[in-house]
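Structure assessment
Residues per chain, in single letters:
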Protein chains: 2
Amino acid sequence: MSDPQKIRFGILGCAEIARKLSRAITLSPLATLYAIGSRSLQKATLFASSNNFPPSAKIYGSYEDVLNDPNVDAVYVPLPTSLHVKWAVLAAEKKKHVLLEKPVALNVGEFDVILDACEKNGVQLMDSTMWMHHPRATKMREFLSDAHKFGELKSMHTVFTFGADPDFLENDIRVKPDLDALGVLGDTGWYCVRSILWAADFSLPKSVIALPGTIFNKAGVIMSCGAALQWEDGKIATFHCSFLANLTMSITASGTKGSLHISDFVVPFEEKQASFSTATESGFTELVTGWAPVPSQHTVMTDLPQEALMVTEFSRLVKSIKNDGAVAEKKWPTLSRKTQYVLDAVKTSIDKGGESVILN
Amino acid sequence: MSDPQKIRFGILGCAEIARKLSRAITLSPLATLYAIGSRSLQKATLFASSNNFPPSAKIYGSYEDVLNDPNVDAVYVPLPTSLHVKWAVLAAEKKKHVLLEKPVALNVGEFDVILDACEKNGVQLMDSTMWMHHPRATKMREFLSDAHKFGELKSMHTVFTFGADPDFLENDIRVKPDLDALGVLGDTGWYCVRSILWAADFSLPKSVIALPGTIFNKAGVIMSCGAALQWEDGKIATFHCSFLANLTMSITASGTKGSLHISDFVVPFEEKQASFSTATESGFTELVTGWAPVPSQHTVMTDLPQEALMVTEFSRLVKSIKNDGAVAEKKWPTLSRKTQYVLDAVKTSIDKGGESVILN
């Protein structure tokens with residue numbers, strides 16, 4: 001029998017990303033792999049055996065069976081986005097806490113249905129944006145919040161592209177209108193928007209415009225796009241996301257006093273350590289022949305990879321609810337909703353040929 | 001008497017940037033400081049003595065006197081942009097070769113007057129975009145041109161901001177509508193646009209839109225702005241330039257096969273060496289817990305700073321004309337004109353509230 005002190009996870013489906021999360025659950029001191037469900041019992045069995053599930057793990061031939069298992073505390077939902085609302089709501093109704101892959105839904109309206117179900121049933125909801133849980137994110141946030149070192153955020157650009165192979169572009173769920181209709185915007189674009197909101201301390205922009213050059217596949221799903229966001233206080237941000245260019249994953253942010261750059265914000269180059277670059281009150285040498293001071297590099301170590309830290313934070317919240325009668329932490333679903341809200345605005349602007357979309 | 005093998009430079013005015021160029025001329029094996037002219041003879045005298053002009057250097061109390069000196073081969077023109085057309089044309093008519101500060105003019109119409117005068121008088125024209133002459137630019141260009149290492153350019157973002165102090169924001173020529181009406185767009189924006197065109201192999205975009213959030217000073221001069229550029233083949237680029245945020249100077253470019261990043265493209269952190277980062281066919285480790293391969297860092301050494309290399313290249317062209325009867329090299333003024341042309345389109349889009357401007 002698994003450790004009763006650990007949060008028992010059930011996983012819905014055998015998505016590739018669920019392999020990374022299974023390892024994260026195994027690595028987390030607060031979580032344990034308890035069940036896997038797939039529409040194919042054979043696939044579930046193979047998944048469990050090749051992803052270090054304990055021999056005691058339950059293997060189910062349907063997602064419902066996972067939700068019906070009274071010993072499952074929480075579920076990880078890596079299903080196609082179009083299925084999120086159905087399965088996240090069902091999970092909440094079965095009193096399962098929900099760790100939900102991004103994008104959390106196809107639009108805010110759908111997400112609000114999930115949110116409502118989780119609130120009514122007192123379960124924790126968190127999206128699976130792993131980089132937020134890396135200690136590097138905390139260090140960078142400290143820098144961005146420092147009035148002397150960074151000052152006020154003025155502009156930011158973020159990029160997340162990767163070069164999808166022909167098989168991906170033909171068959172992946174993220175290119176299918178009935179499965180992940182937001183395409184790259186919901187995938188790598190999610191991370192771009194999240195990082196922008198994070199740097200803006202989660203204040204919402206007043207307006208969003210899609211940039212020219214959106215590329216769709218034959219089925220009308222977005223393969224490459226970008227947007228510009230503008231805040232009431234004058235700060236601006238741009239992002240670009242694409243399945244059609246080599247892996248690039250960067251943030252460049254400029255404040256009144258400082259700058260920040262990072263080249264691997266979503267997945268650090270290495271698992272145990274991650275870096276970022278900062279500069280404060282940068283200037284030039286006499287005659288502008290060099291910089292003084294030059295930017296400095298910061299490296300942050302971590303024993304556990306960011307996805308295991310995410311599972312640990314989620315499990316900690318679930319344990320508080322389960323053991324101490326705490327209420328669900330609203331912070332995480334609030335961030336999910338804001339991210340989805342801005343994604344929706346970008347999508348609307350794309351649909352309207354780059355018209356400015358005003359956010360309330 | 002100065003070395004007759006060297007190109008004899010006259011400098012028009014005592015701008016701060018002329019100090020850097022004076023040193024560059026001194027460092028260049030092909031050039032020599034020959035004359036300085038200012039409306040104030042006293043300022044010219046002080047400038048010459050504090051910038052290592054040789055004792056034989058001519059000190060003039062007007063720009064005309066420099067142009068009338070038959071021994072001056074070439075002039076460096078760091079005057080406010082609004083004066084470029086007058087003095088560059090006069091210089092050309094006096095058969096002086098022209099090294100012209102950026103932005104080359106207030107608009108392409110004005111620049112064409114300069115270009116015409118230079119062509120008619122057979123003198124070399126080059127703008128003072130120093131970073132193009134650093135050997136790092138050559139190495140980066142090789143990478144961008146490599147079909148296997150970088151592939152086809154898909155997207156690019158470039159930023160050049162610096163935090164101007166209150167004195168600059170009140171008094172610098174770049175905030176004055178009658179002197180440098182393009183403001184930051186003509187200043188740091190020039191470098192952004194040039195770098196984008198450079199990466200695009202100097203093909204012109206089909207359309208340009210200004211991004212929301214342009215900031216003007218009270219006199220209506222641009223203090224912060226950005227734009228999105230789109231090419232016929234689908235590639236896109238964005239840039240942001242500002243006087244209102246900490247010094248940031250980066251290029252992030254993504255191609256079908258590779259990526260490039262640089263954080264100090266206009267002025268390298270150090271004078272004698274400069275770096276950039278590249279990645280080719282980037283991917284992830286098993287389970288997406290890190291990158292494989294990770295990007296690589298490249299360092300390029302240079303004996304002479306980039307501004308001295310620029311002076312040397314300009315002088316080499318001038319010597320060919322002067323000594324060997326060569327015709328002026330069209331490459332450099334062509335690049336100037338394209339850069340100015342795109343700047344004009346950005347300015348037009350700003351003036352039209354972000355409307356798309358179609359380029360021919």
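Residues numbered from 1 in each chain as written. Chains lettered and ligands numbered in written order. Predicted model: local features only at pLDDT ≥ 70, side-chain atom pairs only at ≥ 80, totals over all residues. Heavy atoms only, no water.

All names here are of chain A. In this structure, Thr339 sits in helix α11 (residues 331-351). Note on Thr339: relative accessible area 0%, which makes it buried. Among the polar contacts made by the side chain of Thr339, one reaches the side chain of Arg194 at a distance of 2.9 Å. Ignoring sequence-local partners within four residues, the contact set of Thr339 consists of Trp190, Val193, Arg194 and Leu197. (Helix = DSSP H or I, 4+ residues; strand = E, 2+ residues; numbered from the N terminus. Buried < 20%, exposed > 50% of the residue type's maximum accessible area, 1.4 Å probe, protein only. Polar contact = N/O pair within 3.5 Å; in protein donor to acceptor, adjacent residues only side chain to side chain. Contact = heavy atoms within 4.5 Å.)

This brings us to the interface of chain B and chain A. At the junction of the two partners, chain B supplies 54 residues and chain A supplies 54 residues. Across the interface of chain B and chain A, roughly 4,400 Å² is buried in total on both sides, 65% from carbon and sulfur atoms. Along the contact surface separating chain B from chain A lie two salt bridges. Ionic pairing is found between Glu286 of chain B and Arg19 of chain A, a salt bridge with its closest N-O pair at 2.8 Å. (Buried area = accessible area lost by both parts, 1.4 Å probe. Salt bridge = Lys/Arg side-chain N within 4 Å of Asp/Glu carboxyl O.)

In this structure, two copies of a chain are linked by a rotation about an axis accompanied by a shift along it. Mapping chain B onto chain A calls for a rotation angle of 180° and an axial translation of 0.0 Å; the resulting RMSD is 0.0 Å. Interpreted geometrically, this transformation is the action of a two-fold axis. When the interface residues of chain B are mapped onto chain A, 100% of them again lie at the interface, so the same face is used by both copies. (Least-squares fit on C-alpha atoms with pLDDT ≥ 70 in both.)

This part covers the domain arrangement of chain A. All names here are of chain A. Entries for chain A in the domain assignment read domain 1 (7-131 + 307-329) and domain 2 (136-304 + 340-358). Computed from C-alpha atoms alone, the centre-to-centre distance between domain 1 and domain 2 is 27 Å. On the domain 2 side, the residues contacting the 22 residues of domain 1 number 24 residues. For the pair domain 1 and domain 2, the two sides together bury roughly 1,900 Å², of which 62% comes from carbon and sulfur. In this assembly, domain 1 and domain 2 are joined by three salt bridges. With its nearest N and O atoms 2.5 Å apart, the salt bridge here joins Lys102 to Asp187. Summed over the shared surface of domain 1 and domain 2, the result is ten residue pairs in polar contact (both at pLDDT 80 or more). (Domains from an automatic or database assignment.)

A few words on the UniProt feature "domain: Gfo/Idh/MocA-like oxidoreductase N-terminal" (unreviewed entry) in chain A. In the numbering used here, UniProt assigns the "domain: Gfo/Idh/MocA-like oxidoreductase N-terminal" (unreviewed entry) feature to residues 7-126 of chain A. End C-alpha atoms of residues 7-126 of chain A are separated by 15 Å, and the span's content is 42% helix alongside 22% strand. (UniProt positions renumbered as here; feature names shortened; annotations may be inferred.)

Let us now look at the environment of Asp303 of chain B. Inspection of the secondary structure puts Asp303 of chain B in the loop between β15 (296-301) and α10 (306-324). With 30 residues separating them in the primary sequence, Asp303 of chain B and Gln273 of chain B have C-alpha atoms 8.6 Å apart.

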